[in-house]
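Report on the structure
Listed below are the residues making up each chain.
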Amino acid sequence: TVNEAFLAELRRLASHYFNPHRVVAHYLGIARSARIVGYGERENEWNVKKYCYYIRPILAASYVAERRTMPPVAFAELLGRIDDRGVIAAIKALIARKATVSESHREVIDPAVSDYFDALRDDTSALLKTVEPGKPGWAAMNAFFRRTIGYS
């Protein structure tokens, strides 16, 4: 059974220790790694699955940088933040293709889409400089841990 009191306290602590600066940096790092693995400069092509792994963390990083809160888990919610209907349609088509192609399938991404996400990545990287790093003390977490394991 789930210990509701434990979960409530853990959720309260999680919100206290949430660090937007680190989360944005983390998501941008995931996007950077996906780009390294998925993009082929010579062919100007992307591994389709890796491209999806590139754009989701950019959207999540942008969300956190702007709102200073955890991003939604559902990709559709992140996608809903895009104003450009052409980009949304292209991403939805790409996601549909992703489900039908091999793991190694590569293709050239529509320049309007790649430009959109590269610009969003760059804007979010610049916005990261305005997000306070924050450094909460560990006393509350240590006390919670000690209570949880029965150590007074």
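Residues numbered from 1 in each chain as written. Predicted model: local features only at pLDDT ≥ 70, side-chain atom pairs only at ≥ 80, totals over all residues. Heavy atoms only, no water.

Further remarks concern the pattern of salt bridges. Where charged atoms from two side chains of opposite charge come close, those side chains can pair. Counted by the stated rule, this structure contains eight salt bridges. For R147, the salt bridge identified is with E9, shortest N-O distance 3.3 Å. With R147 in helix 7 (residues 139–149) and E9 in helix 1 (residues 4–17), the pair connects residues that are 138 residues apart, well separated along the chain. Classification of R147 as exposed rests on a relative accessible area of 52%. With its nearest N and O atoms 2.3 Å apart, the salt bridge here joins R81 to E66. (Salt bridge = Lys/Arg side-chain N within 4 Å of Asp/Glu carboxyl O. Helix = DSSP H or I, 4+ residues; strand = E, 2+ residues; numbered from the N terminus. Buried < 20%, exposed > 50% of the residue type's maximum accessible area, 1.4 Å probe, protein only.)

Below, the discussion takes up the sheet that holds strand 3 (residues 106–107). Spatially, three strands are ordered 1-2-3 in an open sheet, and the strand pairing comes out antiparallel. Looking at the sheet topology across the chains shown, the edges are occupied by strand 1 (39–40) and strand 3. The pairing of strand 2 (residues 45–47) with strand 3 spans two bridges and is classified as antiparallel. Bridging across to strand 3, W46 finds its partner in E107. (Pairing = 2+ DSSP bridges.)

The end-to-end C-alpha distance of helix 2 (residues 20–38), which contains 19 residues, comes to 27 Å, matching closely the 27 Å that a straight helix rising 1.5 Å per residue would cover. Those residues of helix 2 that sit buried are P20, V23, V24, Y27, L28, G29, A31, A34 and G38. Residues of helix 2 that are buried sit in contact with strand 1, strand 2, helix 3 (48–67), strand 3 and helix 6 (111–128). For helix 2, the N-terminal cap is N19; the gap from its side-chain oxygen to the backbone nitrogen of H21 is 3.1 Å. (Expected span 1.5 Å × (residues − 1). Contact = heavy atoms within 4.5 Å. Polar contact = N/O pair within 3.5 Å; in protein donor to acceptor, adjacent residues only side chain to side chain.)

Right, let's get into the side chain of N47. Relative to the assigned elements, N47 resides in strand 2. For N47, a relative accessible area of 9% gives the class buried. In this structure the side chain of N47 is engaged in a polar contact, spanning 2.9 Å, whose partner is the backbone nitrogen of K49. With sequence-adjacent residues up to four places away left out, N47 is seen in contact with G38, E103, S104, H105 and R106.

Closest axis-to-axis distance for the helix 3/helix 6 pair is 9 Å, and the angle between their directions is 40°. Relative to helix 6, the element helix 3 is oriented oblique. Crossing handedness for the pair helix 3 and helix 6: left-handed. Across the interface between the two elements, Y51, Y54, I55, I58, L59, A61, S62, A65 and E66 from helix 3 touch V113, S114, F117, D118, L120, R121, T124 and L127 from helix 6. Residues that form the contact of helix 3 with helix 6 fall into these classes: 11 nonpolar, three polar and three charged. (Axes fitted to C-alpha atoms, helices over the stretch in contact; angles between N-to-C directions. Parallel < 35°, antiparallel > 145°, perpendicular 65-115°, else oblique. Left-handed = near helix turned anticlockwise from the far one by under 90°. Nonpolar A, V, L, I, M, F, W, Y, C, P; charged D, E, K, R; others polar.)

The quantities given are spatial measurements derived from coordinates; they are silent on function.
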